[in-house]
Amino acid sequence: MNGCTGCEYCMPCPFGVNIPKNFRIWNDFSKYGNYAVTRKAYYEDLKCEEQSSMCKQCGKCEALCPQHIAIRDDLKRVAQDMETKIKSHE
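Not measured: the values here are computed from a predicted model.

Asker: Help me get a handle on the overall build of the protein, residues and values and all.
Answerer: Secondary structure summary: the protein contains four helices and zero strands in total. Starting at the N terminus and walking to the C terminus, you meet the elements of the protein as α-α-α-α. In terms of overall size, the protein behaves like a compact globule, its C-alpha atoms giving a radius of gyration of 12 Å where 90 residues would be expected to give roughly 12 Å. Overall, the protein is about 35 × 25 × 20 Å in size when its C-alpha atoms are taken along their principal axes. For the protein, with 90 residues in total, the buried portion stands at 37%. When contacts within the protein are restricted to residue pairs at least 6 apart in sequence, long-range pairs at least 24 apart make up 68% of them. A total accessible area of about 5,300 Å² is found for the protein, and carbon and sulfur atoms account for 51% of it.

See below:
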């Protein structure tokens, strides 16, 4: 979970990652623990190119974030959690 407010100052990502939506899905899962809703939101509602795993670690987003979130590190954590906690929980 992180402090992303969804302001979208980090957007657009040059590689197409939807940073605020990834963080909203991740933060909602952290709060509510709903596997089915999270699986649908991440694997069906997000296009493949928008998913956190597509981050190329360029850092452009972090320079723009008013919350000073470690976006690259958190996107790695989102991808890992989606793969290990959500995808494997069927």
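Asker: Would you mind going over unusual backbone geometry in detail, with residue names and values included?
Answerer: Residue Pro 12 is bonded to the preceding Met 11 through a cis peptide linkage, with omega at 0 degrees. In this structure, Pro 12 sits in the segment before α1 (19-32). Phi angles above zero are rare outside glycine, and Gln 57 is one such case at about 65 degrees. Summarising the element assignment, Gln 57 is placed in the loop between α2 (35-45) and α3 (60-64). By relative accessible area, which is 30% here, Gln 57 ends up partly exposed. For His 68, which is not glycine, the phi dihedral falls at a positive 55 degrees. Residue classification places His 68 among the exposed positions, given a relative accessible area of 68%.

Asker: Which residues make up the environment of Cys 4, and what are the values?
Answerer: Considering the arrangement of structural elements, one finds Cys 4 in the segment before α1. Cys 4 sits in the partly exposed class, given a relative accessible area of 24%. Each residue touching Cys 4, except ones within four places of it in the same chain, is listed here: Pro 20, Phe 23, Asn 27 and Ile 69.

Asker: Describe the packing of α1 against α2, with residues and values.
Answerer: The N-to-C vectors of α1 and α2 enclose an angle of 170 degrees; their axes lie 9 Å apart at closest approach. Looking at the two axes, α1 sits roughly antiparallel to α2. The element α1 and its partner α2 pack so that their crossing is left-handed. Two secondary-structure elements touch here, α1 through Lys 21, Asn 22, Ile 25 and Phe 29 and α2 through Tyr 35, Thr 38, Ala 41, Tyr 42 and Asp 45. By residue class, the composition of the contact of α1 with α2 is five nonpolar, two polar and two charged.

Asker: Which residues make up the nonpolar core, and what values do they have?
Answerer: Ile 19, Phe 23, Ile 71 and Leu 75 are the most contacted members of the largest nonpolar core, which totals 20 residues. Among the secondary structure elements, those contributing two or more residues to this core are α1, α2 and α4 (71-87). In this view, Leu 75 contacts Val 17, Ile 19, Asn 22, Phe 23, Ser 52 and Cys 55; residues no more than four positions away in its chain are not counted.

Rules and cut-offs
- Residues numbered from 1 in each chain as written.
- Predicted model: local features only at pLDDT ≥ 70, side-chain atom pairs only at ≥ 80, totals over all residues.
- Heavy atoms only, no water.
- Helix = DSSP H or I, 4+ residues; strand = E, 2+ residues; numbered from the N terminus.
- Rg over C-alpha atoms; globule rule 2.2 N^0.38 Å.
- Buried < 20%, exposed > 50% of the residue type's maximum accessible area, 1.4 Å probe, protein only.
- Contact = heavy atoms within 4.5 Å.
- Areas by Shrake-Rupley, 256 points an atom, 1.4 Å probe, with all protein chains shown as cover.
- Axes fitted to C-alpha atoms, helices over the stretch in contact; angles between N-to-C directions.
- Parallel < 35°, antiparallel > 145°, perpendicular 65-115°, else oblique.
- Left-handed = near helix turned anticlockwise from the far one by under 90°.
- Nonpolar A, V, L, I, M, F, W, Y, C, P; charged D, E, K, R; others polar.
- Core = buried A, V, L, I, M, F, W, Y, C linked by side-chain atoms within 4.5 Å.

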